[in-house]
Amino acid sequence: MEGLAPHTKRPRVMLYPMRLEVCWSGKLNEIKTIEAEKHESVRSLKERACAEFDVDPSKVDIWDFFHNSKYATLEALLDKTLEEARILDEQPILLDDKDNPLESENKTSSNGPTIVGSSRFNRSNSFALDDSTIQRSDGHPGLVGLQNLGNTCFMNSSLQCLMHTVPVMSVFLTGAFEHDLNTINPLGMKGQLATAFGSLIGNLWRGGVGTVVPRGFKAKIAQFAPQFSGYQQHDSQEFLAFLLDGLHEDINRIKDKPYIEEGDNEGVPDIQLAATAWQNYRRRNDSHIVDHFQGLYKSTLVCPQCSYSSVKFDPFMYLSLPLPESRVRQLTAILLHADGAAPPREYGLQVPQTGIPSACACCAI
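Just so it is clear, the structure is predicted and the values come from calculations on it, not from any experiment.

(A) Representation of unusual backbone geometry in the model. Phi is positive for Lys190, close to 60°, though the residue is something other than glycine. A relative accessible area of 54% means that Lys190 is categorised as exposed. Phi at Ser307 takes a positive value of approximately 65°, unusual for a residue other than glycine. When you line up the elements, Ser307 lands in the loop between β10 (295–302) and β11 (309–316).

(B) Quick look at the sheet that holds strand β5 (residues 92–97). The strand order β2-β1-β5-β3-β4 describes an open sheet built from five strands, whose pairing is mixed. Unpaired on one side and paired on the other, β2 (27–36) and β4 (72–73) mark the two borders of the sheet. Set on the sheet, helix α1 (residues 42–53) makes contact with β1 (18–24), β2, β3 (60–64) and β5; between it and β2 the angle comes to about 130°.

(C) The arrangement of the packing of aromatic side chains in detail. The tally for this structure, following the rule as stated, stands at 10 aromatic pairs. Both rings, one in Phe154 and one in Phe239, keep their centres 5.7 Å apart while their planes meet at 90°; by these two values the pair is edge-to-face. Linking Phe154 in helix α2 (residues 153–163) with Phe239 in helix α6 (residues 236–250), this pair joins segments that are 85 residues apart in sequence. Judged by its relative accessible area of 0%, Phe239 falls in the buried class. Among the aromatic side chains, those forming a connected cluster through ring pairs are Phe154, Phe228, Phe239 and Phe242. A cation sits over an aromatic face here: Lys32 above Phe53, 5.5 Å from the ring centre.

Thresholds applied
- Residues numbered from 1 in each chain as written.
- Predicted model: local features only at pLDDT ≥ 70, side-chain atom pairs only at ≥ 80, totals over all residues.
- Heavy atoms only, no water.
- Buried < 20%, exposed > 50% of the residue type's maximum accessible area, 1.4 Å probe, protein only.
- Helix = DSSP H or I, 4+ residues; strand = E, 2+ residues; numbered from the N terminus.
- Pairing = 2+ DSSP bridges.
- Contact = heavy atoms within 4.5 Å.
- Axes fitted to C-alpha atoms, helices over the stretch in contact; angles between N-to-C directions.
- Phe/Tyr/Trp six-rings, centres within 6.5 Å; stacked < 30°, edge-to-face > 60°.
- Lys NZ or Arg CZ within 6 Å of the ring centre and 35° of its normal.

So, to be careful, I would describe these as geometric facts and stop short of saying anything about function.
This is the structure in structure tokens:
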């Protein structure tokens, strides 16, 4: 502990450490899992990884090994933290020998798709901070796929629905959202989520693109919502709820939200009560998301003693509806004749979901 700065002497516990899959080009079939903290530097990760494989850090380069291909070098980001370098949980990392470097796959052909943008084959000291695209000469605007990053179909399906919604397209494709960017909203992401979404939807609708690899957008999501980090499956509705709420706060036109006290609503007609509630809500929340995705629902509370009724209108962006459940269940009954007059026979029965089926139901067969 001696010689360390005072702030580094405090013990820190990693409740949710990142798990990185590290391999060395000299022995690709051997993969080691290294736990890391998002504030650790890339240099520290490289040194620890080299120690695991017993190699000299000066003789290897560290690479982002996305999809088992040399996506981008991390050598220029050695002094950056893993969070700043957009290193995600469960991300593959490569230690590449300088004397015998691993050759990159050549994905470009004369008549096939070409990866552009943040190319995984770029040997320069740049890093893929943005989404990359796979171009196609016959690609039509909007008819573009989102590449799966592990099990991120939950994200891709939600994004495809949202980015083909006309109000969203008109706001983010025209750049109208930039005028409303709210970088001081404590509930928002300083406009970064809206900017990343605008860049992603621009790639989807620009034409000449066959596939978009949304790594930059995925990293931005993980930065503000760690529950969606990594490449595991998550709930689509939870992701979409976070995204819509985040976009709303990032482009909320209200910079200084006023305090609004609720008044006495007794005897006020519902139509007037709803109008007042919506007006008060818009005084604190005014964005393109509110314009097209939010509304009010009415809730009524009745006192069982005095029958007093209280009516309130609350804002909503989505409604969670239960799936209908079957009221019956299927059972299998085997009929055995006591006198052995016939061989056993199997029957299917449909009985109520609750309770025990009566003997009569079985005897009916």
